[in-house]
Amino acid sequence: MGFDGAKETFPGRIKEVAIGAMSEQGGTRGKRVVVGGSNGLPFHKWESEMPHMPAVAMDVVDTERMVPDVLLGTLGALAKEPVEWARKCQEWGADMLVLKLASANPEEENRPVEACEALVKEVLKSVQLPLLVYGCGSEEKDAKLMEAVSNAGKGERLFLGLAEEKAYKSITAAAMANGHGVVAFSNLDINLAKQINILLLDFGMKPENILMDPLMAPLGMGLEYSYSVIERLRTGALVGDPVLQVPIICDCSCAWTVPEVLEEAPQKGPQLPRGVHWESITAEAAIVAGADVVILRHPETVARVKAAAAELAGGA
Amino acid sequence: MPTAMEIYKLLPKKNCGECKFPTCLAFAMQLANLKVALEACPYVSPEAKATLEESGAPPIRLVTFGAGESAAKTGDETQLFRHDKTFYHPTVLGLVLDCAQGLEKVKAGLDDVKGLAFERVGQQVRVDSVAVRQSGATADVFAEAAEAACSQALPVVLMSEDAKAMAGAAAKCKTRPLLYKATPANIDVMVEVAKSSGCPLVIGGAPNLDELGQLAEKAKKAGVQDIVLEPSVASAAELLQNMTTIRRAAIRKKHRPLGYPTIAVLGSSESDRLRAALGVMKYSSIVLMDDLPREFVYPLMALRQNIFTDPQVPIQVKPGLYTVGEPTEKSPVMFTTNFSLTYFTVRADIEKSKMPAWLLVVDTEGQSVMTAFAAGKLTPESVAKALETEKVKEKSKRNEIVIPGMVSRMSGKLNELTEMKVTVGSRESSGIPKMMRTLSQ
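Note on numbering: residues in each chain are counted from 1, in written sequence order. Whichever chain is written first is A, and whichever ligand is written first is 1; the rest continue in order. Residues qualify for local features only when their pLDDT is at least 70, as the model is predicted, and side-chain atom pairs are given and counted only at 80 or more; totals for whole chains, interfaces and linings, by contrast, use all residues.

Novice: I tried to follow the overall build of chain A on my own but got confused; where do I start?
Specialist: Runs of E in the DSSP output that reach at least two residues are strands. Runs of H or I that reach at least four are helices, and both are numbered from the N terminus. Looking only at helices and strands, chain A has 10 helices and 10 strands in total. What you see for chain A is a C-alpha radius of gyration of 19 Å, in line with the 20 Å of a compact globule of 316 residues. If one aligns the C-alpha atoms of chain A with their principal axes, the spans along those axes are about 70 × 55 × 35 Å. Within chain A, buried positions represent 53% of all 316 residues. Residues are scored as being in contact if the C-beta atoms we place from backbone atoms lie within 7 Å. Within chain A, contacts between residues separated by at least 24 positions form 70% of all contacts whose residues are at least 6 apart in sequence. For the radius of gyration, the atoms used are the C-alpha atoms, and the globule rule reads 2.2 Å times the number of residues raised to 0.38. Three exposure classes are used, all based on how many other C-beta atoms lie within 10 Å of a residue's own C-beta (placed from the backbone): buried at 20 or more, exposed at 12 or fewer, and partly exposed between those limits.

Novice: I keep staring at the overall build of chain B and nothing clicks. Help me out?
Specialist: Check the secondary structure of chain B and you find 17 helices and 17 strands. A compact globule built from 441 residues would reach a C-alpha radius of gyration of about 22 Å, whereas chain B, at 28 Å, exceeds it by more than 25%. Dimensions of chain B along its principal axes, counting C-alpha atoms only, are 80 × 70 × 35 Å. Every one of the 441 residues in chain B was classed for burial, and the buried ones make up 47%.

Novice: Honestly, the interface of chain A and chain B in this entry has me stumped. Any pointers?
Specialist: Each partner contributes to the interface: chain A provides 38 residues, whereas chain B provides 40 residues. Taken together, the elements giving at least two residues each to the side of chain A that touches chain B come down to α7 (223-238), α9 (271-289) and α10 (299-312) of chain A. The greatest single-element share of the side of chain A that touches chain B, amounting to eight residues, is contributed by α9(A).

Novice: What is the right way to look at the nonpolar core in this model?
Specialist: Across soluble globular proteins, you tend to see nonpolar side chains buried next to one another. A set of buried Ala, Val, Leu, Ile, Met, Phe, Trp, Tyr and Cys residues, joined to one another through C-beta atoms within 7 Å, is what we call a nonpolar core. Ranked by internal contacts, the top residues of the largest apolar core, which has 231 residues, are A:Ala57, A:Leu97, A:Val294 and B:Leu201. In this document the domain limits rely on a domain assignment from an automatic tool or a database. Residue-level mapping places this core at the junction of two domains, with at least three residues from each of domain 2 (63-307) and domain 3 (320-438) of chain B. Ignoring sequence-local partners within four residues, the contact set of B:Leu201 consists of B:Leu179, B:Ala182, B:Met190, B:Val191, B:Ala194, B:Ala219, B:Val224, B:Asp226 and B:Ile227. Counting nine residues, the second-largest nonpolar core is a separate cluster that includes B:Cys19, B:Cys24, B:Phe27 and B:Leu31.

Novice: How do you make sense of the sheet that holds strand β17 (residues 421-424) of chain B when you look at a structure like this?
Specialist: Across a sheet, paired strands are connected by hydrogen bonds in the backbone, their directions being either parallel or antiparallel. All names here are of chain B. Being paired, for any two strands, means DSSP has found at least two bridges between them. Spatial ordering of the open sheet is given by β13-β15-β14-β16-β17, a layout of five strands whose pairing is mixed. Of all strands in the sheet, those bounded by a partner on one side alone are β13 (320-324) and β17. Going across the sheet, the axis of each strand differs from the next one's by a mean of 30°, ignoring polarity. Here helix α14 (residues 380-389) sits on the sheet and contacts β14 (333-337) and β15 (357-362); the angle it forms with β15, its principal contact strand, is near 125°. Fitting a line to C-alpha atoms yields each axis, with helices limited to the stretch in contact; the angle taken between N-to-C directions then spans 0 to 180 degrees. Of the strands in this sheet, β16 (400-403) and β17 touch helix α16 (residues 411-418), which is tilted by about 155° from β17.

Novice: Sorry if this is basic, but what is going on with the environment of B:Glu270 here?
Specialist: Of note, B:Glu270 is situated in helix α10 (residues 270-281). Classification of B:Glu270 as partly exposed rests on a count of 15 C-beta atoms within 10 Å. Once residues within four sequence positions are removed from consideration, B:Glu270 is found in contact with A:Arg304 and A:Ala307.

Novice: Can you help me understand the pairing of strand β10 (residues 293-296) of chain A in this one?
Specialist: Residues in a regular strand point their side chains to alternate faces of the sheet. Residues and elements named next belong to chain A. Burial along β10 is two-sided: the face carrying Val293 and Ile295 and the face carrying Val294 and Leu296 are both buried. Pairing between strand β3 (residues 55-61) and β10: four bridges, direction parallel. Residue valine 56 lies in a different strand from β10, and its bridge partner there is valine 294. In this sheet, β10 lies alongside strand β9 (residues 249-251) in parallel orientation, the contact comprising three bridges. Paired with cysteine 250 across the strands is valine 294, a residue of β10.

Novice: Mind showing me how you'd approach unusual backbone geometry here?
Specialist: The phi angle of most residues is negative, glycine excepted, and most peptide bonds adopt the trans form. With omega at -5°, the peptide bond leading from A:Gly161 into A:Leu162 counts as cis. Here A:Leu162 is to be found in strand β6 (residues 159-163). B:Tyr180 connects to B:Lys181 through a cis peptide bond whose omega is 5°. At B:Lys13, a position not held by glycine, the phi torsion is positive, near 60°.

Novice: Help me understand the domain arrangement of chain B, please; the structure alone is not making it clear to me.
Specialist: The figure often quoted for interface size is the accessible area lost as the parts come together. Under the domain assignment, chain B is made up of domain 1 (4-56), domain 2 (63-307) and domain 3 (320-438). Taking only C-alpha atoms, the centre of domain 2 of chain B and the centre of domain 3 of chain B are 45 Å apart.

Novice: Before we go on, may I ask you to explain the sheet that holds strand β5 (residues 131-134) of chain A in this structure?
Specialist: Residues and elements named next belong to chain A. In spatial order, the strands read β8-β7-β6-β5-β4-β3-β10-β9; together these eight strands make up an open sheet with parallel pairing. The open sheet has two edge strands with one neighbour each: β8 (210-213) and β9. For this sheet, the mean inter-axis angle between neighbouring strands, taken without regard to orientation, is 25°. This element, helix α2 (residues 82-91), spans β3 and β4 (96-100) of the sheet and lies at about 165° to β3. The strands touched by α9 are β9 and β10; relative to β10, the strand with the most contacts, the crossing angle is about 170°.

Novice: What is the right way to read α9(A) from this model?
Specialist: Note that an α-helix has 3.6 residues per turn; residues three or four places apart therefore point the same way. Residues and elements named next belong to chain A. Helix length check: α9 (19 residues) gives 27 Å between terminal C-alpha atoms against 27 Å at 1.5 Å per residue, within 8%. Among the 19 residues of α9, 16 are classified as buried, and the element is accordingly described as predominantly covered. Following α9 by one or two positions, glycine 290 adopts a phi angle in the positive range, close to 145°. Here the expected length of a helix is defined as 1.5 Å per residue gap, with one fewer gap than residues.

Novice: What should I look at first to understand the packing of α2(A) against helix α3 (residues 113-126) of chain A in this one?
Specialist: For any two helices packed against each other, the geometry is given by the interaxial angle and the distance between the axes. All names here are of chain A. Packing of α2 against α3 brings their axes to within 9 Å, and their N-to-C directions diverge by 30°. For the element pair α2 and α3, the recorded crossing hand is right-handed. Every residue of α3 that contacts α2 at Pro82, Val83, Ala86 and Arg87 is listed here: Leu119, Glu122, Val123 and Ser126. Ten residue types, Ala, Val, Leu, Ile, Met, Phe, Trp, Tyr, Cys and Pro, are classed as nonpolar, four, Asp, Glu, Lys and Arg, as charged, and the remainder, Gly among them, as polar. Of the residues in the contact of α2 with α3, the class split is five nonpolar, one polar and two charged. For any helix crossing, the convention is left-handed if the near helix is rotated counterclockwise from the far helix by under a right angle, and right-handed if that rotation is clockwise.

Following this line, the structure appears as structure tokens:
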């Protein structure tokens, strides 16, 4: 009755993608982060290779409007100072930064393109980390904004987001003009995720310049859909679909929009620690399902998710 | 299930036809497809019968502990990935109460556990088990604590490696506790306790999965059927590898010695909490912890609810009229479907507008707006009926209904049926805050 714990191997492998450029690559970043490269299920190190740990990014939002009250204690003073916020993220141990230019939104602050561009330059000057820059979601504005951001970050190998099925051409063109990458967004559907990748590749984007964001639904708000979509994307890539062999990025800061995090409810425990658990568990589900990058907001979550990844990988 | 040829080899090969099939091979093919029962063959040997019943058993045995409605069901899973079908039995979460703390603390702990119950998205969720650990306490204290625990409507795990103390404690429990645990050192005596008390037994302490399986086989041969396996979960990496390997062996290879539910006993550190969440995602049937603070156990239960949602059956919210903020007679009325994800998204977006509203949730059997509209489950008639049932016209005097932009086509008919002004809202939920600002005050 001898038992042999058979190993499972796959023919496919996730592509390696590098974010940020150091001086050797013509940039000024203090480090570059490489993600992907695995040929097995996440953390299945007993039967596959996992050359890179999931990277932990932190988001910096350029308007207080997006910072919920529960985080004001942690981020309150920084919410008005995105450059300072970015510096703090570096101290808190983030591997990279996601600068969200939400204030450019014409429906909201409508900050001019030039001001956003200046902010990107300032952040690049003040922080050594690789940088991803997200637009405001208004197609028209983002077209101009991303062109300016691309020029402002020339040589830094930024990743620009989000490229969507209905709005990918201008952002992708902006990225290609200066050797940046893009984040390909799709809405919780494996076929749509594949579709946007195909559109980008047909447009001339190189596969090593794409990260895919299949939409991370937070814990309690449809996490199971994201969990299964990510698992299916990962297995689809491993069994050999080249279009899916793209690292996955999951924005887990969405945990801070969940009503169960934003409510004072003592029977569910004190609010801030509950929120940190909410974000941590969302991120743990993402990396266990197959995320190569997670975007987080709370510094404690960063430490926790890094420790979790290290322990899962057998390092702790 | 075995193949038709494997079954055929075990049949008498008489081709007598008494099973109503012309040949034994034809009968074997029907058996393989679960179309007939083996009893239809009058000549099958007892050995063949035992072999076939064994191979027809589920790959992971269903093990129940506790009694009555609160009994915990573990095992009987058939998948490695929830999207391939579903995970059936949500991870049982339990709090460990330590007798070293004294009897009073254990009794107080029992009340604490009962308080860890919540309503989430229309479902009752709770910490559904309690474990009593002997630690240094005497057998009498352990037995008394066990008796107190078993008098609650919660499935109980008794934790001791001393067979005599375990026998004494089990004797005080009428609710079929799970006995934790048999190890290579005590397996013979512990198996006797499980047999005489009729309780399920955890088997652990083996240095590797091969030996764990051998211990389980030994217990089974000695007459214990209901077994729970405890592989090493000393780190998250070990938990993932061992739980995955056991699940694969049971399901893919039908490896019987590992075809049982599993347990992970954890402490109270951050690493333990990580492993608890990992256990919920990765195949731990039972997770016991030393400490379950509310701010952690609540999100953990949300995770369990998410992971064990049947992908084929969407989570639904109860249809009805919901309030967002404190709406008045002047507040707008909007509707959406009872697919929980749709409902929560729409609700969150209305909240973002910081304007109170009435939100009518129409029963679409848990389908989203577009899917339900296409399938004819969201019609002007069903919306009109919901408006009437919920007496919406009495709650808001605007005589106006805001409908999802995706179903603008129903506006004419809905207006005709309800005589309300129909306003077409945004196509995407994210457009709601902007749209609400344009509604007349």
